[in-house]
Amino acid sequence: MSRRFRHAPLPPAGEACLLAPEVSHHVLHVTLVPRGTELVLFDGEGFECRARLVGMVDGLAQVQALESARAVAGAAPVALVVGLPRKPAWERILRMATEMGVASFHPFVAARSVARGEHLQRWERVVESAAQQCGRADIPRVHGLQRLKEMELPAHRLAMAPGGDDVARPTGATALLIGPEGGLVEAELEGWTRAGLGPTVLRADTAAVAALALYSPTR
């Protein structure tokens, strides 16, 4: 499988371009891609193209597009709403949910959240890296911390809560709500349909993956 790197806008077929300094550093000094190697460029908006590393100009990687940009299947229409858990669990959620095709992340400080700080740039880097590694051509949007009641979300809303019912897989845009380590309080569940994830109590990151596996709407 060809290595993937983000570049926008994608060059037309046959044209050469220079990659951004950070991407060039990764190509030339981290992954040590040899000159002449074919790779894939993606723009983060759902398009990609094959390209070839042809050289280096002023320390930047120069690549040539081998084809026109093509559209790649986009994300499932699901917004993942998460009561902010501790950093390791949150970053696992960002990575795994990106791999599973989530469209957007909406974190909030829940009543039982231990973690409270916003590190949006780091969260975006985690998501971009996960998209690059899993073969997505689009990158999910990561929102900054918001109040749960003030979020703009799809009308179809499922909250993952112990004792929730098994519900049918959605067919349209859906928001899935996951609590932090201590779970969600009643006030946070108002306006949401409670959905079950089985008989056991799951960790926040496990619950996110299970919710996406069970309730991600069809694309």
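Treat the numbers as computed from the prediction; the structure is a model and nothing was measured.

A.B. asks: Explain the sheet that holds strand β8 (residues 104–108) to me, please; I cannot follow it from the model alone.
C.D. replies: Within a sheet, neighbouring strands are paired by backbone hydrogen bonds and run either parallel or antiparallel to one another. Spatial ordering of the open sheet is given by β9-β8-β7-β11-β10-β12, a layout of six strands whose pairing is parallel. Whereas interior strands pair on both sides, the edge strands pair on one side only; in this sheet they are β9 (141–142) and β12 (193–195). Along the sheet, helix α5 (residues 204–215) contacts β7 (78–83), β10 (156–165), β11 (174–178) and β12; its crossing angle with β11, the most-contacted strand, is approximately 155°.

A.B. asks: Would you take a moment to explain the packing of aromatic side chains for this structure?
C.D. replies: Following the criterion strictly, the structure yields two aromatic pairs and no others. For the pair W90 and F105, a centre-to-centre distance of 6.2 Å together with 90° between the ring planes defines the contact as edge-to-face. Taken together, the positions of W90 in helix α2 (residues 87–99) and F105 in strand β8 put the pair 15 residues apart, joining distant regions of the chain. Owing to a relative accessible area of 2%, W90 belongs among the buried residues under this scheme. Look at F105 and you get buried, because its relative accessible area is 0%. The interplanar angle of 85° and the centroid separation of 5.6 Å between the aromatic rings of W90 and W123 together place this pair among those described as edge-to-face. Linking W90 in helix α2 with W123 in helix α3 (residues 120–134), this pair joins segments that are 33 residues apart in sequence. Here W123 falls in the buried class, since its relative accessible area comes to 4%.

A.B. asks: Help me out: how do you make sense of the packing of α2 against α5 in this one?
C.D. replies: Two packed helices can be described by the angle between their axes and the distance between those axes. Contact pair α2 / α5: the axes reach a minimum separation of 8 Å and the direction vectors enclose 20°. One finds that α2 runs roughly parallel with respect to α5. The hand of the α2/α5 crossing is right-handed. Facing A89, R92, I93, M96 and A97 of α2, the residues of α5 in contact are A204, D205, A208, V209 and L212. When grouped by side-chain class, the residues that make up the contact of α2 with α5 number eight nonpolar, no polar and two charged.

A.B. asks: I keep staring at α2 and nothing clicks. Help me out?
C.D. replies: Count 3.6 residues to each turn of an α-helix, and residues three or four apart come out pointing the same way. In this model, α2 (13 residues) spans 18 Å end to end at C-alpha, consistent with the 18 Å of a helix rising 1.5 Å per residue. Taken together, the buried positions of α2 are A89, W90, E91, I93, L94, A97 and T98. Against β7, β8, α3 and α5 lie the buried residues of α2.

A.B. asks: Can you help me understand the pattern of salt bridges in this one?
C.D. replies: Should the charged atoms of two oppositely charged side chains come close, the side chains can pair. In total, this model carries 13 salt bridges according to the counting rule given. Where R50 meets E38, a salt bridge forms, and the shortest distance between an N and an O atom there is 3.1 Å. Here the residue R50 occupies a position in strand β4 (residues 47–57), and E38 occupies one in strand β3 (residues 38–42), the gap between them amounting to 12 residues. For E38, a relative accessible area of 27% gives the class partly exposed. For R194, the salt bridge goes to E186, with nearest N and O atoms at 2.5 Å.

A.B. asks: Please clarify how the pairing of β7 should be interpreted in this entry.
C.D. replies: A regular strand places its side chains so that they alternate between the two faces of the sheet. Across the six residues of β7, six count as buried, placing the element largely inside the fold. Neither face of β7 is exposed, since V78, L80 and V82 on one face and A79, V81 and G83 on the opposite face are all buried. Bridge count between β7 and β11: five bridges; the pairing is parallel. Bridged to V78 within β11 is T174. The pairing of β7 with β8 spans five bridges and is parallel. By the bridge assignment, A79 is partnered in β8 with S104. Each parallel crossover has a hand, and the one from β7 via α2 to β8 is right-handed.

Definitions and limits used
Residue numbers here run from 1 along each chain, matching the order of that chain's written sequence. In view of the model being predicted, local features appear only for residues whose pLDDT reaches at least 70, and side-chain atom pairs are presented and counted only at 80 or more, with totals across whole chains, interfaces and linings using the full set of residues. Heavy atoms throughout the structure, all of them, feed into the side-chain values; hydrogens and water do not. At least two bridges found by DSSP between two strands is the condition for calling them paired. Each helix is a run of DSSP H or I of at least 4 residues and each strand a run of E of at least 2, with the numbering of both proceeding from the N terminus. When checking whether two residues touch, look at their non-hydrogen atoms; a contact exists if any pair is within 4.5 Å. To get an axis, fit a line to the C-alpha atoms, keeping to the stretch in contact for a helix; angles then go from 0 to 180 degrees between the N-to-C directions. Only Phe, Tyr and Trp rings take part, Trp by its six-membered ring, and two of them pair if their centres are within 6.5 Å. Stacked means planes under 30 degrees apart, edge-to-face means over 60, and tilted covers everything else. Only protein chains enter the accessibility calculation, which uses a 1.4 Å probe. A residue is then buried if its area is under 20% of the maximum for its type, exposed if over 50%, and partly exposed in between. These descriptions rest on fixed angle ranges, namely under 35 degrees for roughly parallel, over 145 for roughly antiparallel, 65 to 115 for roughly perpendicular, and the rest for oblique. The crossing is said to be left-handed when, going from far helix to near helix, the turn is anticlockwise and less than a right angle, and right-handed when the turn is clockwise. Amino acid classes used here: Ala, Val, Leu, Ile, Met, Phe, Trp, Tyr, Cys and Pro are nonpolar; Asp, Glu, Lys and Arg are charged; the rest, including Gly, are polar. For a helix, the expected span equals 1.5 Å multiplied by the residue count minus one. Salt bridge, as used here, is a side-chain nitrogen of Lys or Arg placed within 4 Å of a carboxyl oxygen of Asp or Glu. If you view a crossover with the strands going away from you and the path from the first strand over the helix to the second runs clockwise, you call it right-handed.

Just distances and angles here, no functional claims.
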